[in-house]
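# Breakdown of the fold
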Amino acid sequence: QVQLVESGGGLVQPGGSLRLSCAASGIIFSINDMGWYRQAPGKQRELVATITRGGSTNYADSVKGRFAISRDNSKNTMWLQMNSLKSEDTAVYFCKAYISLSGGNNYSAYWGRGTQVTVSS
């Protein structure tokens, strides 16, 4: 059974920083693209940032210059460094990964359960 577990969320003041982690566990052959998504109350889930296995990144315009995504393939772990946080960043943050359990090109999408980030004074 593959699991993605997020951690690092919490309450932070505007202008502050948080670092989220996403760790994949289980019988994993390979992880391809990974990404962070968020969902605020009453809104649809939206993309925050993605990273390929080779390290190429992509960011939503709303977080460019403030957030940084990274990963360690040897540890099946991904991070999201969030700086200069704003109240509008408040949401549940989810990690997503395309994982192959048996090799070849058979990747399936897996989601974590999410971690709450609240930006408030």
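This section reports on the structure supplied with the text. Worth saying up front: this structure is predicted, and the values here are computed from it rather than measured.

## Some details on the overall build of the protein chain
The secondary structure content of the protein chain amounts to zero helices and eleven strands. Scanning the protein chain from its N terminus toward the C terminus, one meets helices and strands in the order β-β-β-β-β-β-β-β-β-β-β. Relative to the 2.2 N^0.38 estimate, which gives 14 Å for 121 residues, the radius of gyration of the protein chain is 14 Å and therefore close to what a compact globule would have. If you line up the protein chain on its principal axes, its C-alpha atoms span 50 × 25 × 25 Å. Taken over 121 residues, the protein chain has a buried fraction of 40%. Across the protein chain, contacts joining residues at least 24 apart in sequence account for 55% of those joining residues at least 6 apart. Working note: accessible area of the protein chain is about 6500 Å², and carbon and sulfur atoms make up 45% of it.

## Some remarks on the nonpolar core
Of all hydrophobic cores here, the largest spans 30 residues; its most connected members are Trp36, Leu80, Met82 and Tyr93. Of all elements in the fold, only strand S3 (18–25), strand S4 (30–39), strand S5 (46–51), strand S7 (67–72), strand S8 (77–82), strand S9 (91–100) and strand S11 (115–119) reach the threshold of two or more residues within this core. In terms of residue count, the dominant contributor to this core is S9 (five residues). In this structure, leucine 80 is in contact with Leu18, Arg19, Leu20, Trp36, Val48, Ala49, Phe67, Ala68, Ile69 and Tyr93, ignoring residues within four places of it in sequence.

## Observations regarding the side chain of serine 30
Locating serine 30 in the fold gives a position in strand S4. Classification of serine 30 by relative accessible area gives buried; the value is 12%. Among the polar contacts made by the side chain of serine 30, one reaches the side chain of tyrosine 107 at a distance of 3.2 Å. Not counting residues within four places of it along the chain, the set of residues in contact with serine 30 comprises Arg53, Tyr98, Ile99, Ser100 and Tyr107.

Basis of the calculations
- Residues numbered from 1 in each chain as written.
- Predicted model: local features only at pLDDT ≥ 70, side-chain atom pairs only at ≥ 80, totals over all residues.
- Heavy atoms only, no water.
- Helix = DSSP H or I, 4+ residues; strand = E, 2+ residues; numbered from the N terminus.
- Rg over C-alpha atoms; globule rule 2.2 N^0.38 Å.
- Buried < 20%, exposed > 50% of the residue type's maximum accessible area, 1.4 Å probe, protein only.
- Contact = heavy atoms within 4.5 Å.
- Areas by Shrake-Rupley, 256 points an atom, 1.4 Å probe, with all protein chains shown as cover.
- Core = buried A, V, L, I, M, F, W, Y, C linked by side-chain atoms within 4.5 Å.
- Polar contact = N/O pair within 3.5 Å; in protein donor to acceptor, adjacent residues only side chain to side chain.

Keep in mind these numbers describe shape, not what the thing actually does.
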